Amino acid sequence: MLHTPTAPAPAPTILDPAEWPMYRVAPRYLAGPGEGGAGTVIQALTDAGWTDATWMDNTRVFDPSQRLALEFLPEAEPVPRLEGQRVLWRLWARRDALSPLAWTALFTDETPEEVLLPVIGALAADPDAGLEKSLRYPARSEADDSAVVAPLAAAGWSPDPTEQPRTYHAPRLQARFTHQVPGCDGHSDHAPARWLATARLDYDAPAQWAASFDDTTPTGILAAFTTALADPNPVDRCELPRGAEAYLTLTPA
């Protein structure tokens, strides 16, 4: 693939804490995890009637049917396919309490809460819809895939025809969302197809965070994620990721 060089980063914003106690930050996928922490995410589900259980330092939150769960895993290990990032959240679904998992989604340590919470909200609002597609009709269709990437295209993300199918890049190549297909772009023939999102300050920089979704993840859940990922509205932050000021658009909140 021939990569278009990224444009020079803008000059760093001069930040005086006395004048900038809170920032409005864009793009949101580079804003860092947010101020609310794990409690904000877990609370969104318990408010919807999910129940939580804690073991060691980990937490698992179940929907009332015990078919959906979100796990908070501060003791998890780095995952090579997520560019060596440490998984903090695992979301999964199963047909019933005794069945194997139907799909799994992983989010690493620095994932902004604004791209995770809409996925959680979509499941909490309609758990049955979050299961129906993957449990009844596992095979994805062209219409499914188009619906997943439509929010990215609408927000001006660029498709990359030289990479494997369904790859979109954010402006300045600072975020990427791709459908990894076995045998394409170094993806092992023995590995399952999955969707992968990454964000980084510059094209050659290490990933700031990553997320992956099994191919059987319901289209509506994937679309909730891509809609949030591409949302151009800034987010509020009291602190910024280290060294990120030059790559962000900042205004006082």
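What counts and what doesn't
Residues numbered from 1 in each chain as written. Predicted model: local features only at pLDDT ≥ 70, side-chain atom pairs only at ≥ 80, totals over all residues. Heavy atoms only, no water. Axes fitted to C-alpha atoms, helices over the stretch in contact; angles between N-to-C directions. Helix = DSSP H or I, 4+ residues; strand = E, 2+ residues; numbered from the N terminus. Parallel < 35°, antiparallel > 145°, perpendicular 65-115°, else oblique. Left-handed = near helix turned anticlockwise from the far one by under 90°. Contact = heavy atoms within 4.5 Å. Nonpolar A, V, L, I, M, F, W, Y, C, P; charged D, E, K, R; others polar. Buried < 20%, exposed > 50% of the residue type's maximum accessible area, 1.4 Å probe, protein only. Polar contact = N/O pair within 3.5 Å; in protein donor to acceptor, adjacent residues only side chain to side chain. Expected span 1.5 Å × (residues − 1). Pairing = 2+ DSSP bridges. pLDDT = per-residue confidence, 0-100. Core = buried A, V, L, I, M, F, W, Y, C linked by side-chain atoms within 4.5 Å.

Draft legend 1. Spotlight on the packing of helix α1 (residues 37–46) against helix α2 (residues 113–125). Between α1 and α2, the least distance of the axes is 9 Å, while the angle of their chain directions is 15°. Viewed along their axes, α1 and α2 adopt a mutual orientation that is roughly parallel. Read as a crossing pair, α1 and α2 show a hand that is right-handed. Listed contacts from α2 to G37, T40, V41, A44 and L45 of α1 are E113, L116, L117, I120 and A124. Partitioned by chemical class, the residues of the contact of α1 with α2 number seven nonpolar, two polar and one charged.

Draft legend 2. Fine view of the environment of T219. Along the polypeptide, T219 turns up in helix α5 (residues 219–230). For T219, a relative accessible area of 12% puts it in the buried group. Separated by 76 residues in the primary sequence, T219 and A143 place their C-alpha atoms 9.6 Å from one another. The contact partners of T219, leaving out residues within four places of it in the chain, are R140, D144, A147 and V148. There is a polar contact of 3.3 Å between the side chain of T219 and the side chain of D144.

Draft legend 3. Just α2, in detail. Over its 13 residues, α2 runs 18 Å from end to end, which matches the ideal 18 Å to within 8%, given 1.5 Å per residue. Residues of α2 that are buried: E113, E114, V115, L116, V119, I120, L123 and A124.

Draft legend 4. Examining the sheet that holds strand β14 (residues 249–252) more closely. The strand order across the open sheet formed by three strands is β13-β1-β14, and the pairing between neighbours is antiparallel. Here the strands that pair on one side only, and so sit at the sheet edges, are β13 (235–237) and β14. Sheet twist, expressed as the mean angle between neighbouring strand axes with direction ignored, is 35°. One ladder, built from four bridges, connects strand β1 (residues 23–26) with β14; its direction is antiparallel. Opposite V25, over in β14, you have L250 as the bridge partner.

Draft legend 5. Representation of the pairing of strand β10 (residues 175–180) in the model. Burial within β10 is extensive, with six of its six residues counted as buried. Burial along β10 is two-sided: A175, F177 and H179 facing one way and R176, T178 and Q180 facing the other are all buried. The pairing of strand β9 (residues 167–169) with β10 spans three bridges and is classified as antiparallel. Across the sheet, Y168 pairs through a bridge with F177, a residue of β10.

Draft legend 6. Quick peek at the side chain of R67. Considering the arrangement of structural elements, one finds R67 in the loop between β3 (58–62) and β4 (68–72). Overall, R67 belongs to the buried group, its relative accessible area being 19%. Among the polar contacts made by the side chain of R67, one reaches the side chain of S65 at a distance of 3.0 Å. In this structure, R67 is in contact with W92, A93, R94, R95, D96, D128 and L131, ignoring residues within four places of it in sequence.

Draft legend 7. Spotlight on the pairing of strand β7 (residues 101–108). Among the eight residues of β7, seven are classified as buried, and the element is accordingly described as predominantly covered. Alignment of strand β6 (residues 85–94) against β7, held across seven bridges, turns out to be antiparallel. Paired with L91 across the two strands is A105, which belongs to β7.

Draft legend 8. Representation of the confidence of the model for the protein chain. When the pLDDT values of the protein chain are averaged, the result is 85; 83% of them are 70 or greater. By mean pLDDT, the top-scoring element of the protein chain is strand β12 (residues 209–214) (96), and the lowest-scoring one is helix α3 (residues 127–136) (64). Taken as a whole, residues 1–10 scores under 50 in pLDDT and shows 17 contacts with residues more than four places along the chain or in a different chain.

Draft legend 9. The nonpolar core, seen in detail. With 55 residues, the main nonpolar core has Y29, W89, L91, W103, F107, W157 and F225 as its most contacted residues. Ranked by size, the runner-up nonpolar core spans six residues in total, among them V79, V87, L196 and A210.

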